Amino acid sequence: MDVKPYIDYFDEIAHLDREQQFTLLEKAFEQVNGSAKLPVLPLLKYSVRISFVLIFMAASYLFFGLSTWALVLSALLGLLGARLVITEVSDKLIRKALKSLLSE
């Protein structure tokens, strides 16, 4: 997984130079993904996206029927909502792993 977006993102490690941040973030990603049999972060991304799009489209179908604009809008809203949830959950998992690495 790409750790570049997380450089200078977390306050806990922002004071360190980029190479140390990169190393700590890689270890944190390995710790998050290594804690389960399946890779957590990639699986989280796909399952949340599919779930949100299906839920939003099903709700759109129940309220508006087979209206094309409503289905497209609900798919877009589902992707936006999934993006927010994925970002929050990933950030929390990585922050938790970073804190455990820094406490060692």
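Residues numbered from 1 in each chain as written. Predicted model: local features only at pLDDT ≥ 70, side-chain atom pairs only at ≥ 80, totals over all residues. Heavy atoms only, no water.

### Regarding the nonpolar core
Ranked by size, the top nonpolar core spans 15 residues in total, and within it Phe 10, Leu 25, Ile 94 and Leu 98 carry the most contacts. Mapped onto this core, the elements with two or more residues apiece are helix H1 (18–34) and helix H3 (68–103). Those residues in contact with Phe 10 that sit more than four places away from it in its chain are Leu 25, Asp 91, Ile 94, Arg 95 and Leu 98. (Core = buried A, V, L, I, M, F, W, Y, C linked by side-chain atoms within 4.5 Å. Buried < 20%, exposed > 50% of the residue type's maximum accessible area, 1.4 Å probe, protein only. Helix = DSSP H or I, 4+ residues; strand = E, 2+ residues; numbered from the N terminus. Contact = heavy atoms within 4.5 Å.)

### Things to note about the packing of H1 against H3
How two helices sit against one another is set out by the angle between their axes and by the gap between those axes. Packing of H1 against H3 leaves a shortest axis separation of 9 Å and a crossing angle of 110 degrees. By the angle class used here, H1 and H3 are roughly perpendicular. Where H1 crosses over H3, the handedness of that crossing is right-handed. Across from Leu 24, Leu 25, Lys 27, Ala 28, Phe 29, Gln 31 and Val 32 in H1, the residues of H3 making contact are Leu 93, Ile 94, Ala 97, Leu 98, Ser 100, Leu 101 and Leu 102. The residue makeup of the contact of H1 with H3, split by class, is 11 nonpolar, two polar and one charged. (Axes fitted to C-alpha atoms, helices over the stretch in contact; angles between N-to-C directions. Parallel < 35°, antiparallel > 145°, perpendicular 65-115°, else oblique. Left-handed = near helix turned anticlockwise from the far one by under 90°. Nonpolar A, V, L, I, M, F, W, Y, C, P; charged D, E, K, R; others polar.)

### Focus: the packing of aromatic side chains
Using the criterion set out here, one finds six aromatic pairs in the structure. Ring centres of Tyr 6 and Tyr 9 lie 5.7 Å apart, and the angle between their planes is 85 degrees; this geometry places the pair in the edge-to-face category. For Tyr 9, a relative accessible area of 41% puts it in the partly exposed group. A centroid spacing of 5.7 Å and a plane angle of 45 degrees characterise the contact between Phe 64 and Trp 69, whose relative ring orientation is tilted. (Phe/Tyr/Trp six-rings, centres within 6.5 Å; stacked < 30°, edge-to-face > 60°.)

### Examining a nonpolar patch on the surface
Taken together, Ile 55, Phe 56, Tyr 61, Leu 62, Phe 63, Phe 64, Leu 66, Trp 69, Leu 73, Leu 77, Leu 80 and Leu 84 make up a surface patch of nonpolar side chains, about 1,400 Å² in accessible area. Of all the secondary-structure elements, those providing two or more residues to the nonpolar patch are helix H2 (40–64) and H3. With six residues, the top contributor of residues to the nonpolar patch is H2. Within the secondary structure layout, Phe 56 lies in helix H2. Using a relative accessible area of 31% as the deciding quantity, one classes Phe 56 as partly exposed. (Patch = residues over 30% accessible without salt bridge, like charges linked within 9 Å, V, L, I, M, F, W, Y side chains within 5 Å. Areas by Shrake-Rupley, 256 points an atom, 1.4 Å probe, with all protein chains shown as cover. Salt bridge = Lys/Arg side-chain N within 4 Å of Asp/Glu carboxyl O.)

### Some words on the pattern of salt bridges
Under the definition given, this model contains two salt bridges. Note that Glu 12 and Arg 95 form a salt bridge whose closest N and O atoms lie 3.3 Å from each other. Taken together, the residues span a long stretch of sequence, with Glu 12 in the segment before H1 and Arg 95 in helix H3 at a distance of 83 residues.

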